[in-house]
Amino acid sequence: MTKILLLFLLIAGSLPARAALDPAQVRQLAAEDSSDKVAAIRQLTQTADPDAVRVLKAMAEDSLFLAGNQVVIIAGEQAFDATSGAAIKLPANPESPTVNNRIRGELANALAALKLFDPDPAVRLASAQKLQSSVSPEMAPLLARALAHESDAGIKALLTLAHAQANLGNADPAARLAAVKALAETSSPTIRSVLQPLTEKAGESDDKVRYEAIAAVKAIDNRLAIAENVGRAFSGLSLGSILLLGALGLAITYGVMGIINMAHGELLMVGAYATYGMQTLFRAYFPAAIDWYLPAAIPVAFFAAALVGVVMERTVIRWLYGRTLETLLATWGLSLVLIQAARVLFGAQNVEVANPSWMSGGIELLPNLILPWNRIIIVGFALFVLTLVWVLMNKTRLGMFVRAVTQNRAMAGCVGVPTARIDTLAFALGAGIAGLGGVALSQISNVGPDMGQGYIVDSFMVVVVGGVGQLAGAVWAALGLGIFSKLLEGWAGAVIAKISILVAIIIFIQKRPQGIFALKGRFVE
Amino acid sequence: MRKPLTIRIISSLDGKAWLALGLFLAIALVVVPLLNLTVPEDSAFHVSAYAITLIGKIMCYALVAVAMDLIWGYGGILSLGHGLFFALGGYAFGMYLMRQIGRDGSYQSELPDFMVFLDWKEIPWFWVGSDSFGWVALLVVAVPAIVAFVFGYFAFRSRIKGVYFSIITQALTYAAMLLFFRNETGFGGNNGFTDFKRVLGATITSPETRLVLFGLTAVLLATTLIFASWLVKSKFGRILTAIRDAESRVMFIGYNPLWYKLTIWVISAILCGIAGALYVPQVGIINPSEMSPANSIEIAIWVAVGGRGTLIGPIIGAFAVNLAKSWFTVSFPEYWLFFLGLLFIVVTLMLPQGLVGLWKKLLAKKGALA
């Protein structure tokens, strides 16, 4: 690769007459009139010659001087002829040409554009990206040359765009037409705003170009709208995943066992604090493997929350089976105790949980559509937890026992199912899954003593809409609520969307009091 | 022959209960004002302004607790959204109090300060008439009643009950809280209403005004108690209890539970609204946090602690929990939530009948021994 680049540079350097810079041009850099200087700078830029870069750089750094008729570069105690680059004797009293702000700006632009010929692809990429926002018609030939030399496909695409943008100001309608056609392929809001003036008579005199521009703006608008909707659907999907993670554990405790667990949000909190604890542990003892704290936190959070669940079930909940409203009050009490315990243990302030480095950034599908990694991973994680729950409930002995106890407790007991132990295990399972939800939440929102309260209403809505005791219902409800509320947010704002969703649920429950899927189990009257 | 209404109301409470009520009103209307106004502040018998505000506030809560007991204890419907009706009453009366500030606000404008802050030029349509006490008094009753009627009609018609009803009421108050937190709603956003100066022309913080509000609350609490005990002993109350215990059977006999539930639901909401309206001038602030689901759940615990289905129990519960709260939050601020949480657990596990049930049990044991 380096070899090719070197070769490439050699060719690039030798193509436009390798002979040293035109002395008259260099001399013009020190002209009295600013406009003359600007013209000289632009011409020198056109050559894209490494010597030109050197001279312009010297001028930008105030080390270009005029000694009689000769332009020299003075670096410390040494002097060079600006045109040939040959070392010369230090002149007696060099004069510095005036460099005002206008010239400085011009020099900065020129040097940025010349970076397109830098051997380092990263520098070229940065330069090409910078040009997307500031490209002037004069740069068109330069860009054309850079385009001809460019081998990297990504940079080439950027240069093509910049070149087309520069050509929009071309005097030749045919060139403008080609430029508009090239730009119509993009989906960037900046290019749309560049093309916008061309759609009006004042901005574009040639009819053909103007019609092409109108079509191009329309095409870009379409693509932008598609990207926006895809983005919205994705954020709905990720919100749905978060709701699902919050509600899955509840689907077991509330749906299957008939317990209103108002402390469910606090079990999420336990999972989130467990994640925080693992992060602290890794920072203190395994700083090299800090990125691995999150996978390590998954089992820890599960078992920490499950343990809290076992304690809750053994001490309080087991006395309240069948008295649903009482479980609501007692678990609310438990939630208050857990909140205060978190305040005492970790302080009332939110703690900071950082994303591991592999979760930062995102996939850029389109210029205005970036899917952040942490959201993608949460969607995947929700899928993982869902599979886990499904397998546990449908493919294991424990799941079979839980379903048996749900459907007919007395009969299950008669055939030897240890119903009390199954209750404990099922509750612990629901709690552990809440802990897993807490791991995911720690990556996208604040971790603090009050965090659970924010999710409890949402989680119950998912379970109620989905139909008590139905995993499939919880999935549909979570995704439906997530996507629906993101779509509403698009045109009504977050709060109004939330309120409309709650009202819609209230109305929905009128029509289907049992949720999307009717329940079968302990609740049936 | 049916006995006249007055007789029926009088006979709804026994002699001891009337004596207790009379004693309560005598203390609230005569003893407390005397101790507050005439006894010097350094005396041990002086009742401070703080105590009057605190007790007045708790009496408002007690009124809400009685309203909750009507719907939960006698109707079997656990509402987790009663804070909404309380806050609606409070906001309605708060509008009047905001208009009474007049030009004495920070911006010296006819408009309430928060509207000036939002750069509104005139009062929005739903504030029209809020400078009239009569109109606002009507709103205090009508707004919670209408909200409760609309919500209750649809909920009871489709026979939503039990846990579903509880959770939906929670969603309702949560949605309302989010709405009131917004500045655009026109109710002062998250700061709500505060900085009141006058009520009916009287300075709101003067000792006399405080005592009038205090006495008014006491009278209303007593009246509500009498009204509620008449209501639950009437035929209506007995059908309501029957619906609570076996709704299907009541339907088969030929009653439509919808109207019974709806009536008690609306009555309960109105009582909450009145309590809210009395609460705001005494405490001096109303904001959307009154509608938080946590506040509404706490109302249920007052009733559970005192003993539901007893009417007097919820009052005892409201006093016990709130006095404990003001003591705990001053003495052991760290432990209040622990205490409240344990209270929820202990009461549901060990005292299903609440304090009143415990008292009755102790009396029965004593009787058995004698």
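Residues numbered from 1 in each chain as written. Chains lettered and ligands numbered in written order. Predicted model: local features only at pLDDT ≥ 70, side-chain atom pairs only at ≥ 80, totals over all residues. Heavy atoms only, no water.

Within chain B, the regular secondary structure consists of 15 helices and four strands. Rg of the C-alpha trace for chain B: 21 Å, near the compact-globule value of 21 Å for 370 residues, within the 12% margin. Burial statistics for chain B: of 370 residues in total, 54% are counted as buried. The contacts of chain B with a sequence gap of at least 6 include a subset with a gap of at least 24, amounting to 77%. When the accessible area of chain B is evaluated, it comes to approximately 16900 Å², of which 68% is carbon and sulfur surface. Measuring between centres, the 27 positive side-chain charges of chain B sit 19 Å from its 18 negative side-chain charges. (Helix = DSSP H or I, 4+ residues; strand = E, 2+ residues; numbered from the N terminus. Rg over C-alpha atoms; globule rule 2.2 N^0.38 Å. Buried < 20%, exposed > 50% of the residue type's maximum accessible area, 1.4 Å probe, protein only. Contact = heavy atoms within 4.5 Å. Areas by Shrake-Rupley, 256 points an atom, 1.4 Å probe, with all protein chains shown as cover. Lys, Arg positive; Asp, Glu negative; His and termini not counted. Charge placed at Lys NZ, Arg CZ, Asp CG, Glu CD.)

A separate point is the overall build of chain A. Along the backbone of chain A there are 21 helices and six strands. Since a compact globule built from 525 residues should have a radius of gyration of about 24 Å, the 34 Å found for chain A marks it as more spread out than a globular shape. Every one of the 525 residues in chain A was classed for burial, and the buried ones make up 48%. Across chain A, the fraction of contacts at a sequence separation of at least 24, relative to all contacts at a separation of at least 6, is 69%. Element-wise, carbon and sulfur atoms account for 63% of the exposed surface of chain A, whose accessible area totals about 23900 Å². Taken together, the 41 basic and 37 acidic charged side chains of chain A have centroids lying 12 Å from each other.

Residue and element names in this part refer to chain A. Spatial ordering of the open sheet is given by E1-E2-E3-E4, a layout of four strands whose pairing is antiparallel. Unpaired on one side and paired on the other, strand E1 (64–67) and strand E4 (87–88) mark the two borders of the sheet. As defined by bridge partners, E1 adjoins strand E2 (residues 70–75) across four bridges and the pair is classed as antiparallel. Across the sheet, the residue bridging to Ala67 is Gln70, located in E2. (Pairing = 2+ DSSP bridges.)

Of the residues lining the interface, 42 residues belong to chain A; the matching set on chain B comes to 39 residues. Buried surface at the junction of chain A and chain B, both sides included, amounts to about 3600 Å², of which 78% is carbon and sulfur. Summed over the shared surface of chain A and chain B, the number is one salt bridge. Where chain A touches chain B, the interface holds one residue pair in polar contact (both at pLDDT 80 or more). Those elements that place two or more of their residues in the side of chain A that touches chain B are helix H14 (324–346), helix H19 (453–466) and helix H21 (494–511) of chain A. Residue composition of the side of chain A that touches chain B, grouped by class: 29 nonpolar, eight polar and five charged. (Buried area = accessible area lost by both parts, 1.4 Å probe. Salt bridge = Lys/Arg side-chain N within 4 Å of Asp/Glu carboxyl O. Polar contact = N/O pair within 3.5 Å; in protein donor to acceptor, adjacent residues only side chain to side chain. Nonpolar A, V, L, I, M, F, W, Y, C, P; charged D, E, K, R; others polar.)

Further remarks concern the packing of aromatic side chains. Under the defined criterion, the tally for this structure stands at 44 aromatic pairs over all chains. Judged by centre distance (6.2 Å) and plane angle (15°), the rings of Phe149(B) and Tyr153(B) are stacked. Highlighted residues: Phe149(B) and Tyr153(B), both in helix H6 (residues 133–157), separated by four residues, approximately one helical turn. For Tyr153(B), a relative accessible area of 26% puts it in the partly exposed group. Consider the rings of Phe165(B) and Trp265(B), whose centres lie 5.2 Å apart with planes at 80°: the pair is edge-to-face. Of this pair, Phe165(B) sits in helix H7 (residues 162–181) while Trp265(B) sits in helix H11 (residues 257–283), and the two are 100 residues apart along the sequence. Since its relative accessible area comes to 0%, Trp265(B) is described here as buried. Here the basic side chain of Arg210(A) rests over the ring of Tyr211(A), its NZ or CZ set 5.8 Å away from the ring centre. Against the face of Tyr321(A) rests Arg409(A), its NZ or CZ located 5.5 Å from the ring centre. (Phe/Tyr/Trp six-rings, centres within 6.5 Å; stacked < 30°, edge-to-face > 60°. Lys NZ or Arg CZ within 6 Å of the ring centre and 35° of its normal.)

Right, let's talk about the packing of helix H2 (residues 15–37) of chain B against helix H8 (residues 207–233) of chain B for a bit. Geometrically, a packed helix pair is captured by the angle between its two axes and the distance between the axes. Residue and element names in this part refer to chain B. Orientation of H2 relative to H8, taken along the N-to-C sense of each, is 175°, at an axis distance of 10 Å. Classified by the angle between their axes, H2 and H8 sit roughly antiparallel to one another. Residues Trp18, Leu21, Phe24, Leu25, Ala28, Leu29, Val32, Pro33, Asn36 and Leu37 of H2 form the contact with H8, whose participating residues are Pro207, Leu211, Phe214, Gly215, Ala218, Val219, Leu221, Ala222, Leu225 and Ile226. (Axes fitted to C-alpha atoms, helices over the stretch in contact; angles between N-to-C directions. Parallel < 35°, antiparallel > 145°, perpendicular 65-115°, else oblique.)

Turning next to the packing of H8(B) against H11(B). Residues and elements named next belong to chain B. Where H8 contacts H11, the two axes come as close as 10 Å, and the packing angle between them is 170°. By the angle between their axes, H8 is roughly antiparallel relative to H11. Seen from H8, the contacting residues are Leu213, Phe214, Leu216, Thr217, Leu220, Thr224, Phe227 and Leu231; seen from H11, they are Ile264, Ile267, Leu271, Ile274, Leu278, Pro281 and Gln282. A per-class count over the contact of H8 with H11 returns twelve nonpolar, three polar and no charged.

Residue and element names in this part refer to chain A. Along strand E3 (residues 78–81), the buried face is formed by Ala79 and Asp81; none of Gln78 and Phe80, which line the opposite face, is buried. In the sheet, E2 pairs with E3 via four bridges, with the strands oriented antiparallel. By the bridge assignment for E3, Val72 is matched with Asp81. Counted along the chain from E2 to the antiparallel partner E3, the turn is two residues long, and its residue Gly76 has a positive phi close to 60°. Of the pairings in the sheet, the one linking E3 to E4 comprises two bridges and is antiparallel in character. Residue pairing across strands places Phe80 opposite Ala87, the latter belonging to E4.

What follows deals with helix H3 (residues 34–47) of chain A. Counting along an α-helix, one turn takes 3.6 residues, and residues three or four places apart therefore face a common direction. All names here are of chain A. Look at H3: 20 Å from first C-alpha to last across 14 residues, which is about the 20 Å you get at 1.5 Å a residue. Within H3, burial applies to Ser34, Lys37, Val38, Ala40, Ile41, Leu44 and Thr45. All buried residues of H3 lie within an arc of 160° about the axis, which places them on one face of the element. Each element contacted by the buried residues of H3 is listed here: helix H2 (23–28), helix H4 (50–60), helix H5 (101–114) and helix H7 (140–149). Phi turns positive one or two residues past the end of H3, at Ala48, with a value near 55°. (Expected span 1.5 Å × (residues − 1). Arc of directions from axis to C-beta.)

Right, let's talk about the pattern of salt bridges for a bit. In this structure the tally under the stated criterion is 16 salt bridges over all chains. Ionic pairing is found between Asp450(A) and Arg343(A), a salt bridge with its closest N-O pair at 2.8 Å. Of this pair, Asp450(A) sits in the loop between helix H18 (419–442) and H19 while Arg343(A) sits in helix H14, and the two are 107 residues apart along the sequence. The class for Arg343(A) is partly exposed, based on a relative accessible area of 26%. Where Asp131(B) meets Arg99(B), a salt bridge forms, and the shortest distance between an N and an O atom there is 3.8 Å. With Asp131(B) in the loop between helix H5 (113–117) and H6 and Arg99(B) in helix H4 (residues 82–100), the pair connects residues that are 32 residues apart, well separated along the chain. Take Arg99(B): its relative accessible area is 19%, and that puts it in the buried class.

Residues and elements named next belong to chain A. With 92% of its residues at a pLDDT of at least 70, chain A reaches an overall mean of 81. Low pLDDT (under 50) marks residues 7–19, which in the prediction has ten contacts with non-local residues, meaning those over four places away or in another chain. Low pLDDT, under 50, characterises residues 521–525; the stretch is placed with 13 contacts to residues that sit more than four places away or in other chains. (pLDDT = per-residue confidence, 0-100.)

Residue and element names in this part refer to chain B. Among the secondary structure elements, Trp18 is positioned in helix H2. Residue class for Trp18 comes out partly exposed when judged on its relative accessible area of 29%. Spatially, the C-alpha atoms of Trp18 and Ala87 are 31 Å apart, while their sequence positions differ by 69 residues. Non-local contacts of Trp18, meaning those with residues more than four positions away in its chain, are made with Ile9, Ile10, Leu13 and Ile226.

This paragraph deals with the nonpolar core. With 213 residues, the main nonpolar core has Tyr254(A), Phe193(B) and Trp265(B) as its most contacted residues. In this structure, Phe193(B) is in contact with Tyr91(B), Gly94(B), Met95(B), Met98(B), Phe114(B), Trp127(B), Phe187(B), Gly188(B), Gly284(B), Ile285(B) and Ile286(B), ignoring residues within four places of it in sequence. Leu21(A), Val71(A), Ile73(A) and Ile155(A) belong to the second largest nonpolar core, which has 41 residues in total. (Core = buried A, V, L, I, M, F, W, Y, C linked by side-chain atoms within 4.5 Å.)

Here we take up a nonpolar patch on the surface. Residues and elements named next belong to chain B. A surface patch of nonpolar side chains, about 580 Å² in accessible area, is lined by Leu23, Ile27, Leu29, Val30, Val31, Leu34 and Val219. When residues of the nonpolar patch are assigned to their parent elements, the largest contribution, six residues, is made by H2. Relative to the elements of secondary structure, Val219 occurs in helix H8. Residue Val219 is classed as partly exposed on the basis of its relative accessible area, which comes to 35%. (Patch = residues over 30% accessible without salt bridge, like charges linked within 9 Å, V, L, I, M, F, W, Y side chains within 5 Å.)

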